[in-house]
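Each chain, written out:
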Amino acid sequence: MRLSQAWIVARHDLGMIRRRRTILGALIALPAGVSLGFPLLVWYIIAQSPGVGDAVIISFVDAFAFWFAIGGVMLPSSISAYSIVGEKTEKSLEPLLATPTTDGEILLGKVLAAFLPTMIAIWAGAAVYMVLIDEITRGTLGYLYYPNAAIVVLLFALAPIVAVLAIEISVAVSSRVQDVRSAQQISGVLFLPFILLYVAAEIQVFPLDTDHLLLLAGILGLVALVTFRICRRVFDRETILTRWK
Amino acid sequence: MIHTEGLTKQFGPVTAVDHLTLDVQEGEVFGFLGPNGAGKTTTVRMLSSLISRTSGSAEVAGHQIGDPSAELQLRHQIGILPENVGLYESSSAYENLEYYGQLQRVEATALRQSIERLLRMLDLWEKRDQPVATFSKGMKQKVAIARALVHDPVLLFLDEPTANLDPEASKTVREFILELKRERRTIFLNTHHLDEAERICDRVGILNTRLVTTGTPGQLKLGMSGRRTVAAVDGPMETMAAAIRARLGDRRIEIQGGSLIVDVSDPDRDNPEIAAAIVGAGGRLRQLTQVSASLEDVYLKLIHEGASPA
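We now turn to the structure provided with this report.

Conventions we followed
- Residues numbered from 1 in each chain as written.
- Chains lettered and ligands numbered in written order.
- Predicted model: local features only at pLDDT ≥ 70, side-chain atom pairs only at ≥ 80, totals over all residues.
- Heavy atoms only, no water.
- Helix = DSSP H or I, 4+ residues; strand = E, 2+ residues; numbered from the N terminus.
- Rg over C-alpha atoms; globule rule 2.2 N^0.38 Å.
- Buried < 20%, exposed > 50% of the residue type's maximum accessible area, 1.4 Å probe, protein only.
- Contact = heavy atoms within 4.5 Å.
- Lys, Arg positive; Asp, Glu negative; His and termini not counted.
- Charge placed at Lys NZ, Arg CZ, Asp CG, Glu CD.
- Buried area = accessible area lost by both parts, 1.4 Å probe.
- Salt bridge = Lys/Arg side-chain N within 4 Å of Asp/Glu carboxyl O.
- Polar contact = N/O pair within 3.5 Å; in protein donor to acceptor, adjacent residues only side chain to side chain.
- 1 Å grid on protein atoms, 1.4 Å probe; cavity = no way out; pocket = protein on both sides within 12 Å on 5 of 7 lines; lining within 4 Å.
- Points joined across faces, edges and corners; volume = space filled by probe spheres on them.
- Nonpolar A, V, L, I, M, F, W, Y, C, P; charged D, E, K, R; others polar.
- Expected span 1.5 Å × (residues − 1).
- Pairing = 2+ DSSP bridges.
- Axes fitted to C-alpha atoms, helices over the stretch in contact; angles between N-to-C directions.
- Patch = residues over 30% accessible without salt bridge, like charges linked within 9 Å, V, L, I, M, F, W, Y side chains within 5 Å.
- Areas by Shrake-Rupley, 256 points an atom, 1.4 Å probe, with all protein chains shown as cover.
- Phe/Tyr/Trp six-rings, centres within 6.5 Å; stacked < 30°, edge-to-face > 60°.
- Lys NZ or Arg CZ within 6 Å of the ring centre and 35° of its normal.

Some details on the overall build of chain A
Move 1: Scanning chain A for helices and strands turns up 11 helices and zero strands.
Move 2: Counting helices and strands in the order they occur from the N terminus, chain A gives α-α-α-α-α-α-α-α-α-α-α.
Move 3: Its C-alpha atoms give chain A a radius of gyration of 20 Å, within 12% of the compact-globule value 18 Å for 245 residues.
Move 4: Projected onto its principal axes, the C-alpha coordinates of chain A cover approximately 65 × 35 × 30 Å.
Move 5: Residue burial in chain A is summarised as follows: out of 245 residues, 55% are buried.
Move 6: Long-range contacts, defined as pairs at least 24 residues apart, comprise 86% of the intrachain contacts of chain A with a sequence gap of at least 6.
Move 7: Distance between charge centroids for chain A: 12 Å, based on 18 positive and 17 negative side chains.

Pasting the structure below:
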């Protein structure tokens with residue numbers, strides 16, 4: 001596997017993504033919404049309920065931060081759906097496969113093109129979120145809540161694993177659909193379990209502390225490994241040329 | 001440049017290409033003719049190691065297909081124009097070529113020069129920065145051909161290069177292929193445009209899952225029609241036929257209205273004898289024509305009857 005060859009594919013796809021306003025908009029809007037909107041909500045809660053307990057504030061802050069993991073599902077799905085199904089609809093996969101680039105290098109390039117902007121957007125949004133939350137909660141909590149172990153796990157283990165899983169599912173789905181929107185919609189199904197987890201966190205059923213986040217990351221990491229095998233089988237040049245519909 | 005031996009591809013129970021044995025020489029333009037579903041595209045995909053073979057062997061540009069260690073080197077040495085141009089519509093012509101050149105590991109300066117040379121040859125240099133989406137079908141096809149050539153391959157596979165093009169665009173693409181032929185490039189041309197094959201190709205092969213025949217267009221036409229001379233005459237038909245047999249020996253002569261159709265073995269030698277026999281038998285010769293089948297006749301006969309030319 002030559003990383004430089006994969007990087008040529010990724011660089012090209014990143015250039016294509018830059019031209020897609022809807023994708024760029026999603027990359028900016030979701031992290032910006034989470035990093036600005038939720039701290040505003042926390043500020044409002046504290047302002048409106050002066051006697052609110054630390055535990056309640058922390059549960060809100062943790063649950064809101066979980067949206068950065070949900071972003072790990074939503075953002076790469078739309079990018080990778082475009083970068084693979086887009087090639088399919090433009091029928092540009094065959095010329096690409098005819099170059100001296102291995103299937104693995106092409107796949108890695110596509111994964112990087114979806115993964116890198118997603119993680120940059122999530123990390124940038126999370127940095128703003130942490131600064132604002134610290135600023136808003138310092139007076140009430142009496143200490144800086146961020147950075148902490150849970151957010152490190154969320155941003156550097158869970159979100160990347162979730163992003164990779166979303167991309168893998170998108171690749172698998174891409175072999176069966178004819179247009180980008182269908183790919184995005186089907187890949188978006190992955191979004192639902194995360195919303196359920198978010199709701200569970202909000203109602204204190206599944207606390208999003210370090211231990212639970214690590215457990216979740218571990219389980220999803222295993223799922224991602226299994227999905228990777230499916231993905232490699234689907235993204236095989238003979239399969240693409242003869243079986244992709 | 002290409003040598004295949006019993007090359008076969010099956011998709012489940014369906015045989016797409018059946019025991020293809022073929023040779024294409026360096027510098028040759030080889031036309032691969034056949035109806036839709038005959039296995040032409042599958043053959044190109046096997047020869048360019050895009051898909052695996054079921055059985056048989058093939059050597060392309062010195063590399064055995066199916067050898068994983070040689071696959072990438074092989075793809076460095078060949079250029080492919082697939083049936084669908086598959087360009088990135090929102091990218092410019094230059095960007096499309098640059099991307100493929102980079103994937104082919106062409107050094108930056110050489111790549112810039114190659115792109116400029118190709119786009120100038122194709123009259124697209126002035127439009128190099130325009131998105132491909134704004135191009136006509138013919139222009140897109142030219143960009144796709146340039147993409148196949150950007151790394152200066154030794155062998156070019158062109159799959160239906162003029163399919164779905166209007167006559168003017170087809171002519172432009174054909175002229176470019178002829179330009180490549182003048183550069184002595186080896187070209188493997190899939191087409192079902194017989195006229196195109198006849199005008200461009202040194203040799204053609206007719207495929208209908210199995211290879212039906214190969215040869216130069218001239219050889220195939222001759223093989224199918226045989227060598228026959230039609231003499232339009234006035235006079236006693238039977239007497240003239242007998243006079244021709246007396247001069248040329250016993251042979252098949254058909255009398256159709258005012259014409260004698262004579263089987264000949266060497267037209268240059270036999271036709272003057274036929275003319276002399278007719279005049280000698282008291283006939284008047286109005287016209288003497290060498291019969292030849294068109295490549296279309298040959299193709300249709302071979303495809304529909306599965307016959308081999310004589």
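Some thoughts on the interface of chain A and chain B
Interface extent is often summarised as the accessible area lost during association of the parts.
Move 1: On the chain B side, the residues contacting the 26 residues of chain A number 28 residues.
Move 2: Summed over both sides, the interface of chain A with chain B buries roughly 2,600 Å², with 57% coming from carbon and sulfur.
Move 3: Inspection of the chain A/chain B interface yields three salt bridges.
Move 4: Of the charged contacts in the structure, one is a salt bridge between Arg45 of chain B and Glu94 of chain A, with a shortest N-O distance of 3.0 Å.
Move 5: Linking chain A to chain B there are 13 residue pairs in polar contact (both at pLDDT 80 or more).
Move 6: Residue assignment for the side of chain A that touches chain B shows that the elements contributing at least two residues are α1 (3-19), α5 (93-97) and α11 (237-242) of chain A.
Move 7: Here the element with the most residues in the side of chain A that touches chain B is α1 of chain A; it accounts for eight residues.

As for the layout of surface pockets
Move 1: There is about 330 Å³ of room inside the largest pocket.
Move 2: Taken together, 14 residues form the lining of the largest pocket, with Lys88, Lys91, Ile240 and Trp244 of chain A together with Asn84 of chain B sitting closest to its centre.
Move 3: For the lining of the largest pocket, the elements supplying multiple residues, two or more each, are α4 (67-89), α5 and α11 of chain A.
Move 4: The greatest single-element share of the lining of the largest pocket, amounting to three residues, is contributed by α4 of chain A.
Move 5: Grouping the constituent residues of the lining of the largest pocket by class yields four nonpolar, four polar and six charged.

As for α1 of chain A
Move 1: Between its terminal C-alpha atoms α1 of chain A stretches 24 Å, which fits the 24 Å expected from 17 residues at 1.5 Å a residue.
Move 2: All of the buried residues along α1 of chain A are Gln5, Ala6, Ile8, Val9, Ala10, His12, Asp13, Gly15, Met16 and Ile17 of chain A.

Topic: the sheet that holds strand β10 (residues 210-215) of chain B
Residues and elements named next belong to chain B.
Move 1: Here six strands make up an open sheet; going across it, the order is β6-β7-β8-β3-β9-β10 and the pairing mixed. The sheet is open, and its two edges are formed by β6 (78-81) and β10, each paired on a single side. Going from strand to strand, the sheet's axes swing by 15° on average, the running direction of each strand aside.
Move 2: Where β6 lies against strand β7 (residues 155-159), four bridges are found, and the strand directions are parallel. Bridge pairing in β7 links Leu81 to Leu158.
Move 3: Its contacts with the sheet place helix α1 (residues 40-47) against β3 (29-33), β7, β8 (186-191) and β9 (203-208), and it is angled at close to 150° to β8.
Move 4: Together, β6 and β7 form the strand contacts of helix α2 (residues 68-77), whose direction differs from that of β6 by roughly 70°.

Re the sheet that holds strand β1 (residues 2-11) of chain B
Residues and elements named next belong to chain B.
Move 1: Pairing within the open sheet is antiparallel, and its four strands lie in the order β2-β1-β4-β5. One side of each edge strand has no neighbouring strand; the edge strands of this open sheet are β2 (14-24) and β5 (63-64).
Move 2: Sheet strands in contact with α1 are β1, β2 and β4 (55-60), and its direction is about 115° off that of β1.

Observations regarding a nonpolar patch on the surface
All names here are of chain A.
Move 1: Together, Leu40, Trp43 and Tyr44 line one region of the surface with nonpolar side chains, adding up to about 370 Å² of accessible area.
Move 2: The residue Leu40 is located in helix α2 (residues 21-48) in this model.
Move 3: Leu40 sits in the exposed class, given a relative accessible area of 55%.

Observations concerning the packing of aromatic side chains
Move 1: On inspection of all chains with the given rule, the structure shows 16 aromatic pairs over all chains.
Move 2: Each ring, one from Phe66 of chain A and one from Phe194 of chain A, has its centre 6.3 Å from the other, and the planes form 25°; the classification is stacked. One end of the pair, Phe66 of chain A, is in the loop between α3 (54-65) and α4; the other, Phe194 of chain A, is in helix α9 (residues 191-202), with 128 residues separating them in the sequence. Comparing Phe66 of chain A with Phe194 of chain A shows no difference in burial state: the two are buried.
Move 3: The interplanar angle of 45° and the centroid separation of 6.0 Å between the aromatic rings of Phe30 of chain B and Phe32 of chain B together place this pair among those described as tilted.
Move 4: Three or more aromatic residues joined by ring pairs make a cluster, and in this case those are Phe38, Phe60, Phe64 and Trp67 of chain A.
Move 5: The ring of Trp125 of chain B carries Arg128 of chain B above its face, with NZ or CZ at 3.9 Å from the centroid.
Move 6: When the ring centre of Tyr100 of chain B is taken as origin, the NZ or CZ atom of Arg147 of chain B, which lies over that ring, is 5.1 Å away.

Some thoughts on the pattern of salt bridges
Move 1: If you walk through the whole model with that rule in mind, you get 31 salt bridges over all chains.
Move 2: In this structure, the salt-bridge partner of Glu95 of chain B is Arg19 of chain A, at a minimum N-O distance of 2.9 Å. Within this pair, whereas Glu95 of chain B is found in helix α3 (residues 93-103), its partner Arg19 of chain A is found in helix α1, the two belonging to separate chains.
Move 3: Accessibility expressed as a relative area gives 32% for Glu95 of chain B, which makes it partly exposed.
Move 4: With a shortest N-O distance of 2.9 Å, Glu116 of chain B and Arg120 of chain B are connected by a salt bridge. Note that Glu116 of chain B and Arg120 of chain B are positioned in helix α4 (residues 108-121) at a spacing of four residues, about one turn of the helix.
Move 5: Here the residues in one salt-bridge network are Arg228, Arg252, Glu254 and Asp263 of chain B, joined through shared partners.

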